[in-house]
Every structure is written in C-alpha cells, then in structure tokens.
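Structure at a glance
Next come the chains, spelled out residue by residue.
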There are 2 protein chains.
Amino acid sequence: MSVRVCVDAVGGDEPAEVVLAGIEAALAADPDIEVLVAGPDQIVTPFCDAHDRAVPLVAPDVITMEDDPISAVMTKRRSSIVLGCRAVKRGQADAFFSAGSTGAVTAAGSAYVTPFKIERDGKRAPIRPCLTNALPNRAGGLTVLCDMGANPDVEPMDIVRFAQMGAAYASCVLGIDRPRVGLLANGTEEHKGSAFTQTCFPLMSELVDGFAGNCEGSDLTSGVFDVVVCDGFAGNVALKAIEGAAKLMMDELKSGFMGSLKTKVAALLVKDMMRQLKGKLSGDAKGGAVLLGLRGVVLIGHGATSVEAVKAGTLACAEAVRADLIDRVASSMGSIVS
Amino acid sequence: MSVRVCVDAVGGDEPAEVVLAGIEAALAADPDIEVLVAGPDQIVTPFCDAHDRAVPLVAPDVITMEDDPISAVMTKRRSSIVLGCRAVKRGQADAFFSAGSTGAVTAAGSAYVTPFKIERDGKRAPIRPCLTNALPNRAGGLTVLCDMGANPDVEPMDIVRFAQMGAAYASCVLGIDRPRVGLLANGTEEHKGSAFTQTCFPLMSELVDGFAGNCEGSDLTSGVFDVVVCDGFAGNVALKAIEGAAKLMMDELKSGFMGSLKTKVAALLVKDMMRQLKGKLSGDAKGGAVLLGLRGVVLIGHGATSVEAVKAGTLACAEAVRADLIDRVASSMGSIVS
C-alpha cells in the first residue's frame, strides 16, 4: 500500500539540508511511500522538483524551539507544523513527522488532527492525547512509556486510556503479543503509590487487559513490563532522569578513557561499540514519540536530529499507517463514539 | 568531639560479618567514635568483647527486607531498627546507621526519634521527615535529592520545608556555600509543571533562599542545581529511573565488551575504571540516605551493602553530628516550635 507521509523540513535544531537528506534516504528505502515536504518555498520546491514521489507543501512560517508552543500554533497558521497536521486531518497525508518543538506539534496535533471523542457524563468529550515512546530495556527489547509529558495533570480514567492506547501501540508497532502493563509508582506492592495512583489501580485492574500491577522507575528499563503508564509529569521526569543518567555515564566513561595510556588504547578499541551504545540510548528506537489518541499518525523526532533519524521517523510513520495503528488505538478504548 | 554512632548489625542483604567488618574499619579510621552495635546477642556481644569503643545493644528481633515496614516496626519492638532509633531519642547514641529496610527505618525514625514540630493553623504539628541523598552530577559534584520516597503525597508547604532542609544539608554536609535549589517539574520554564508544582512555585520564591526555579529530571545529574526538591513519588520514580538507566548501560557495556577479541582486550584495560564507575554511581556518595526533619541523625545505607559502605555510613553519621546537621536543619525552617 502506498502511504503518503508529510515531513516537516524545518523542524529541529539541524539545518533543513539534514532533514531533506533524511527524506531522500527514506524515499530510496521504501518505494511505496510519497513524501509531502512541508516548509518554506525556497527549501521544499527545489527538492521536490529534483525527486520523484516528493510533493511540496509550502509553509512560509517557521515555529522554532524557542517559540511558546501554544501561542506559536495559534499565530503561525502557515507554519510547517500547523499545515502538516492539517494535511493529515484533510486526508492529504496519512501521517506527519516533525523533529520540531514537541510542545508545538502536540498542540497542533490536538487542535488540527483532533483527538477521538468519548462518552463522558452523558456528553461527548475529546480524550487526552498521550505522548508515547519506546525505550530500550535490559531484556533486549523495548518498553513503551506513556504519557511522556503531554498531560501533567490527569484523571484516573485518563490513565486507563493511556494504558489501553499504550498496549495497542506495543502490540501494533512493537509486535508484542499480550503486553504486560505496569502502573508507575514508588514501589511494586499493591499498597504503594500516591493517593492518585491508588485510585487508578482498581480501574486498571478492571479495564486494562494485561495489567500486571505497580511498577517502579527502574522498570522503564528492566524489561519486566512492556508498557509503563503514568501522568505526563512523572513520565517526563523519569524520561529526562534516564537521559541525564545516560549523559552522566557517557561523560564518566569519556573521562575514564582519558585517564591513562592503557585506557586511551582501550578507547580506540571500543570506539564503534561506544557509538552504537550512544545510538541505542538516543530514545528514538521507533522513529520518535507518537501522539496516541489522535485521528491520524503524528510522530515527533528528537530535536537534535540526523539524516538517519529523519529517515527512521519517515519510515516509522509509513509502518504505523500500514499496521492500522489509529484504528487499533481507537478500538482499544471500547467506548469511542466518534 | 567523641561521637557515639549506633549501627544496625543485621540490616541489609549481607550477613552480619560484613557489617561488623565495616564497623571495625570505621573504628580504626576514626579514633573519636564509639559504636553502639545493635543486633542479636550472639552476634554483637562477641564483637564488642573483642573491640574497644564497641558497646553492645542487644536486639533479639530482626526486621527483614520482606517484612511490611509499618507493622514490623509496631510488632518487633526489640529489633535493632527500633532499639537503634530509641537509643538516639534517649541520647544513648548521637546517630543511627542501618542498611536495613528503608521503609522500616523511616517508620521507626518517625515514631521514635520523632520529627520537629511546627506551628500550623494555631496548633503544633510534626513536620514530615524527608528522605534525602546526594547523587553524583556531571559537574563533578553532588546534587541533593529530597524527598526520595518517604512522602508520596504532600502539601505545598511540605515542599518548601523539604527545600529548606535539603539546602541546609547541602551546605552542612556537602559544604556548598549558597545552594541553588530547583523545583522538579516537566520543563524549566516558570509556567511548566503540574497544578501542584505551580502552587509550590510562588511559595518557593518567597520562602526558600537560593530558589532558582523549575528544573527537569535531567537536572538530578546535570550539576546546574545543588538541591532538587519534589514529592516522594516523583523523587522515587526519578531515582529508580536513574538506577535502572545505569544498570542498562552497564549491561550494554558488558555485552559490548564481550563482542569481539578487540573489545575483550579493551575490557581488560578498563577493568579498574569500570569498577570505579560502578562505585561512583552506587548512590551512597555520602554514606546513604538521611532522614531530614528528625531530632537526630538517621542514615540509611543501600541494602546490598559492603564493608566499605558500612564504614562510610558510620563515619558519615559522625561527620553529620560534628557538623551540627540537626540544629542547622531545624534553624533552616524558621518557625520550628519544638
């Protein structure tokens, strides 16, 4: 099936050339994709003229990492992020990939791709989209973390839906048969947790297939759970704590390697291995973070992007579309009304 | 000044011989300490008979890592953990060190060493003791994390007091002149955070010297902040996320080193460096976690302890007593009434 992915040519900290080279690599790798390239005319048009299966989506405004996400989405209506999300909503594209501001893509995705609605207190209410990613774990697999930061304050039923959507992502994108779902807490015993997670626990038991109880921060990387669910505050804190710890260890290793002639020799011998390790821990195992709960695939890559990362994100979008991620996420929540 | 430290001989996952060897090493390292050795008669009495400056505190009951902390403290009244805390309360010891169950030592410390009281709504109320530790950071120093897990649900004024106590610990124990205090959130901007942390922010600005704004999970190891304050839920999640990430990297390094002959040679060359790295990241840089807010020094070592760790914990207790940690913590909070 041919899939059309819209890619934000100007998102991220790297120059547009890096993103364009990534798109070129994705087009070469998958003959069944088309790319709608979103960005300023002078950047996207020459590229699309020179490449088959690349179509320009001219977006004169640019939302930067420094912009306030919400107000940028409201005022920069002709930005690549807003037009990319609108292209998905209108069916001009099947998916959108950006390495731009996480906050801006989340805001634009919620506003323009729009979340599913659910029956709540007799009224239709949109569900909260949940920022989801897959982290490498000690069992050699990946663990899904949701929410990574889109919703710092949530209600217990939001947590239930994050869990259902995260499990659908784990089975659909990671191919895990019956994902084991953990509720992030300050201990694994059932009585552990905050008052909030203790309210969530019985709802999770009742409503989430594969719910396996409380888990701890270390279970984001232990491999004991396939999906770890939490509010976006705890999820963001945990994710950034892991990133910080990985940086600390990389620093320590680097200075350790410089310590003596012996360790300098060792450093030369493990150069490739260290590069692989760094890549593995970059947090973009599946192309980036996906916003679950929207009516279209929206994937957010790391701001400090690379040709490989843009290629991976573009291909991951196509993969998610082909795997029917959106329908599977919607059906995981039973009570979706529209 | 001679300091008497009570040490729990049976706390932790290791046999009592390991703890006793640690006590022996501490006695040898510091001629101005005495150790009150708490544990079953057959363990502590022969040791104290053979060592000057070691006094037995016979405690026939043992609280294990598997016991429910609260009920164990209530029922095992003649355990080393309960008797050790009571010895501090009664002035028989100046400080207590245990590598036993964090939950049980926290419960016994709160019940028997007792927290300071503060004027609240016209009544005297005990403050919440806060579990505090110092983690290595990328600037080559240590960052204080409080609360690490004693209080999953707190009020904004608890966060203010954790910050005040954490800053007192940073200046008293780590010797940091004017500690920079960060409020853990999901982003550094002032508008970031949960509804709860947004309520804390203005109180922190008003009441905490050195308050430097919101910080992120990565700031636990960045070195940009000296003290990171949060509720015990987020603190525990972040701490265990860091521990898990360190284990993941150690696993990856180990399997990377086994990958080829070249990397196996490198592994031999960096053996000492890797051992140092592991020690540095063990989280017991200052002997263990201290319960701030109590009327005595209570230090909790890692359960998977070692001779070195028991020695370090015992000496850190003496150091904290000599540095007047308790008085400095009390005076950091201004409104202590008893």
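For the structure given in this document, a descriptive report is provided here. None of the values given here were measured: they were computed from a predicted structure. (Residues numbered from 1 in each chain as written. Chains lettered and ligands numbered in written order. Predicted model: local features only at pLDDT ≥ 70, side-chain atom pairs only at ≥ 80, totals over all residues. Heavy atoms only, no water.)

Observations regarding the overall build of chain A
Going by this rule: Strands here are runs of E lasting at least two residues and helices are runs of H or I lasting at least four, both read from the DSSP assignment and numbered beginning at the N terminus. In this treatment the radius of gyration is a C-alpha quantity, and the globule benchmark scales as 2.2 Å times the residue count to the 0.38 power. By definition, residues are in contact when any of their heavy atoms lie within 4.5 Å.
Counting its regular elements, chain A contains 13 helices and 13 strands. Relative to the globule expectation of 20 Å for 338 residues, the C-alpha radius of gyration of chain A, 20 Å, shows essentially globular dimensions. On the principal axes, the C-alpha backbone points of chain A span a range of 70 × 60 × 35 Å. When contacts within chain A are restricted to residue pairs at least 6 apart in sequence, those whose partners lie at least 24 apart make up 68%.

Observations regarding unusual backbone geometry
Negative phi is the rule for most residues except glycine; trans is the rule for most peptide bonds. We count it as follows: Working definition: with a 1.4 Å probe on protein chains only, accessible area under 20% of the residue-type maximum means buried, over 50% means exposed, and in between means partly exposed.
Looking along the chain, the bond that leaves C146(A) and enters D147(A) is cis, with omega of 5 degrees. Here the phi dihedral of R53(A) falls at roughly 60 degrees; this positive angle occurs in a residue that is not glycine. Along the polypeptide, R53(A) turns up in the loop between helix 2 (41-50) and strand 3 (54-58). Under the relative-accessibility criterion, R53(A) is labelled partly exposed at 32%. Its identity is not glycine, yet T114(B) carries a phi of approximately 65 degrees, on the positive side. Relative to the elements of secondary structure, T114(B) occurs in the loop between helix 5 (102-113) and strand 5 (117-120).

Here's the deal with the interface of chain A and chain B
We count it as follows: Defined in terms of a 1.4 Å probe, buried area is the accessible area two parts forfeit on being brought together, summed over both. One speaks of a salt bridge when a side-chain nitrogen belonging to Lys or Arg is within 4 Å of a carboxyl oxygen belonging to Asp or Glu. For this analysis, a polar contact is any N or O atom pair within 3.5 Å, provided that within protein one partner can donate a hydrogen and the other can accept it, and provided that sequence-adjacent residues contribute only side-chain to side-chain pairs. Polar here means any residue outside two lists: the nonpolar Ala, Val, Leu, Ile, Met, Phe, Trp, Tyr, Cys and Pro, and the charged Asp, Glu, Lys and Arg; Gly therefore counts as polar.
On the side of chain B, 52 residues touch chain A, which itself brings 52 residues to the contact. Together chain A and chain B conceal approximately 4400 Å² of surface at their shared face, both sides included; 72% is due to carbon and sulfur atoms. Counting every contact that joins chain A to chain B gives 4 salt bridges. Across the pair K240(A) and E216(B) runs a salt bridge whose closest N-O atoms are separated by 2.7 Å. The interface formed by chain A and chain B contains 10 residue pairs in polar contact (both at pLDDT 80 or more). Counting residues per element, the side of chain A that touches chain B draws most heavily on helix 9 (residues 232-257) of chain A, at 21 residues. Looking at side-chain class alone, the side of chain A that touches chain B contains 26 nonpolar, 16 polar and 10 charged residues.

What about the relation of the copies chain A and chain B?
Rules: All copies are superposed by least squares; the fitting set is the C-alpha atoms of residues with a pLDDT of at least 70 in both.
Once turned by 180 degrees and shifted 0.0 Å along the axis, chain A lies on chain B with an RMSD of 0.0 Å. Both chain copies can therefore be described as sitting about a two-fold axis. If distances are taken from each C-alpha of chain A to the rotation axis, the shortest is found for A266(A), at 2.1 Å.

Remarks on the sheet that holds strand 9 (residues 181-184) of chain A
Residues and elements named next belong to chain A. We apply this condition: One requirement defines pairing of two strands: DSSP has to find at least two bridges between them. Only the stretch in contact is used when fitting a helix axis, every axis being a line fitted to C-alpha atoms; angles between N-to-C directions are given from 0 to 180 degrees.
Spatial strand order, 3-2-1-4-13-12-7-8-11-9-10: 11 strands in an open sheet with mixed pairing. Taken across any chain shown, the strands that pair with only one partner, and hence form the sheet edges, are strand 3 and strand 10 (211-215). Strand-to-strand twist across the sheet, computed as the mean angle between neighbouring axes with direction ignored, equals 25 degrees. Across 3 bridges, strand 1 (residues 3-8) lies against strand 4 (residues 95-98) in parallel orientation. In the sheet register, V5 faces strand 4, and the bridge partner there is A95.

Quick look at the pattern of salt bridges
For the structure shown, the criterion picks out 18 salt bridges over all chains. Residue K76(A) pairs with D67(A) through a salt bridge whose shortest N-O separation is 2.7 Å. For K76(A), a relative accessible area of 23% corresponds to the partly exposed category. We note a salt bridge from R161(B) to D158(B), for which the minimum N-O separation is 3.9 Å. Residue R161(B) and its partner D158(B) are located together in helix 6 (residues 156-172), separated by 3 residues, close to a single helical turn.

Thoughts on the pairing of strand 3 of chain A
Residue and element names in this part refer to chain A. Heads up, the rule is: When the strands point away from the viewer and the connection leading from the first strand across the helix to the second strand turns clockwise, the crossover is called right-handed.
Bridge analysis of strand 2 (residues 33-39) against strand 3 gives 5 bridges, and the strand direction is parallel. When the sheet's bridge partners are listed, A38 is paired in strand 3 with L57. Read from strand 2 through helix 2 to strand 3, the crossover connection turns out right-handed.

Some details on the environment of A195(B)
Mapped onto the fold, A195(B) is located in helix 7 (residues 195-207). Put simply, A195(B) and A289(B) are 94 residues apart on the chain and 29 Å apart in space, counted from C-alpha to C-alpha.

Focus on the state of the cysteines
This is how it is decided: Two cysteine sulfurs form what is called a disulfide whenever their separation falls within 2.5 Å.
Applying the stated criterion across every chain yields a total of 0 disulfides over all chains. A disulfide-free cysteine, C6(A) has its sulfur positioned 8.4 Å from the sulfur of C85(A), the nearest such atom. Classification of C6(A) as buried rests on a relative accessible area of 0%. Lacking any disulfide linkage, C48(B) is separated from the closest cysteine sulfur, that of C6(B), by 10 Å.

Focus on the packing of helix 6 (residues 156-172) of chain A against helix 7 (residues 195-207) of chain A
Residue and element names in this part refer to chain A. To keep things clear, this is the line we draw: Geometric relationships in this document are graded by angle, where less than 35 degrees denotes roughly parallel, more than 145 denotes roughly antiparallel, 65 to 115 denotes roughly perpendicular, and other angles denote oblique. Crossing handedness: left-handed means the near helix sits turned counterclockwise from the far one by under a right angle, and right-handed means the same turn made clockwise.
Contact pair helix 6 / helix 7: the axes reach a minimum separation of 9 Å and the direction vectors enclose 50 degrees. By the angle class used here, helix 6 and helix 7 are oblique. Judged by the sense of rotation from one axis to the other, the crossing of helix 6 with helix 7 is right-handed. Two secondary-structure elements touch here, helix 6 through P156, M157, I159, V160, A163 and Q164 and helix 7 through F196, T199, C200, L203, M204 and L207. Of the residues that constitute the contact of helix 6 with helix 7, the class distribution is 10 nonpolar, 2 polar and no charged.

A look at helix 9 of chain A
Count 3.6 residues to each turn of an α-helix, and residues three or four apart come out pointing the same way. Under the convention used in this document: A helix is expected to reach a length of 1.5 Å times the quantity of its residues less one.
With 26 residues, helix 9 of chain A ought to run about 38 Å at 1.5 Å a step, and its terminal C-alpha atoms sit 37 Å apart, in line with that. With respect to burial, helix 9 of chain A is a largely interior element, 21 of its 26 residues being buried.

Focus: a positive patch on the surface
Residue and element names in this part refer to chain A. Convention followed: Note on patches: the residues involved have over 30% relative accessible area and no salt bridge, like charges join within 9 Å, and the nonpolar side chains Val, Leu, Ile, Met, Phe, Trp and Tyr join within 5 Å. Computed with a 1.4 Å probe, the accessible areas rest on the Shrake-Rupley method; for each residue, only the protein chains presented here act as cover. Counting rule applied: Lys, Arg positive; Asp, Glu negative; His and chain ends not counted. Where a charge lies is defined by one atom per residue type: Lys uses NZ, Arg uses CZ, Asp uses CG and Glu uses CD.
On the surface, K89, K117, R124 and R295 cluster together into a positively charged patch. The residue R295 is located in the loop between strand 12 (289-292) and strand 13 (297-300) in this model. Judged by relative accessible area, R295 falls into the partly exposed class, the value being 32%.

Concerning the environment of E119(B)
Mapped onto the fold, E119(B) is located in strand 5. Taking the C-alpha atoms as reference points, E119(B) and S205(B), separated by 86 residues in sequence, lie 21 Å from one another.

So, the sheet that holds strand 1 (residues 3-8) of chain B
Residue and element names in this part refer to chain B. With respect to topology, 11 strands assemble into an open sheet ordered 3-2-1-4-13-12-7-8-11-9-10, the strand pairing being mixed. With one partner strand each, in any of the chains shown, strand 3 (54-58) and strand 10 (211-215) form the two edges of the open sheet. Across the sheet, the mean angle from the axis of one strand to that of its neighbour is 25 degrees, orientation sign disregarded. Relative to strand 13 (residues 297-300), strand 4 (residues 95-98) runs parallel, the two being bridged by 4 bridges. Looking across to strand 13, one finds that F96 is bridged to V298.

All we've got here are geometric facts, nothing functional implied.
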